[in-house]
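Residue strings, one per chain:
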Amino acid sequence: MTAPAIHATLDRAKLDKGNLHKVNDYLAAPPPYPEGYVPPKLDQEGLQAQVDGHLKEMFDKAADPSSHLVTMAAAKNTGWGFVSDHFAEIDANQDGFITYGEYKRFLDARSPVKRQPKGDVQVVE
């Protein structure tokens, strides 16, 4: 017995009018952005803003809505394993809660982008 075809329930007329392409279609250029969409800048500041936004969303998902604090239990319950694994390190004042500032400082201290190289740097051309 074969599984029913999922695509049989799709409206082919709607698909053909859309911006969909087959896997084997050759595109000379990427498809155009939807009208009104402004792509993010692909420089360090733009990418950092995207990462910071994603981190803030994750923090807000785990944080208590009234206090804006994350507990160890909340981190575990939302599936935020990295934070629960490093909770004691992130909780700088050891009060049992993580603020967004503590979380951000912990990540910034570990970021290779923001670290300055130690010692002499050899430039190879």
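Describing the packing of aromatic side chains
The description of an aromatic ring pair rests on the distance of the ring centres and on the angle between the ring planes.
No. 1: The final tally for this structure, using the stated rule, is 7 aromatic pairs.
No. 2: When the ring of Phe59 is compared with that of Tyr100, the centres are 5.4 Å apart and the planes differ by 70 degrees; the resulting orientation is edge-to-face. In this pair, Phe59 is assigned in helix α2 (residues 44-62) and Tyr100 in helix α6 (residues 100-110), connecting sequence segments 41 residues apart.
No. 3: Exposure remark for Phe59: the relative accessible area of 2% places this residue in the buried category.
No. 4: Between the aromatic rings of Trp80 and Tyr103, the centroid separation amounts to 5.0 Å while the plane-to-plane angle is 65 degrees, which identifies the pairing as edge-to-face. Note that Trp80 is positioned in the loop between α3 (72-77) and α4 (81-85) and Tyr103 in helix α6, a separation of 23 residues in sequence.
No. 5: A relative accessible area of 8% places Trp80 in the buried class.
No. 6: An aromatic cluster is defined as three or more aromatic residues linked by ring pairs; in this entry it consists of Phe59, Trp80, Tyr100 and Tyr103.
No. 7: Lying over the aromatic face of Tyr100, Lys56 brings its terminal NZ or CZ to 4.8 Å of the ring centre.

Rules behind the numbers
- Residues numbered from 1 in each chain as written.
- Predicted model: local features only at pLDDT ≥ 70, side-chain atom pairs only at ≥ 80, totals over all residues.
- Heavy atoms only, no water.
- Phe/Tyr/Trp six-rings, centres within 6.5 Å; stacked < 30°, edge-to-face > 60°.
- Helix = DSSP H or I, 4+ residues; strand = E, 2+ residues; numbered from the N terminus.
- Buried < 20%, exposed > 50% of the residue type's maximum accessible area, 1.4 Å probe, protein only.
- Lys NZ or Arg CZ within 6 Å of the ring centre and 35° of its normal.

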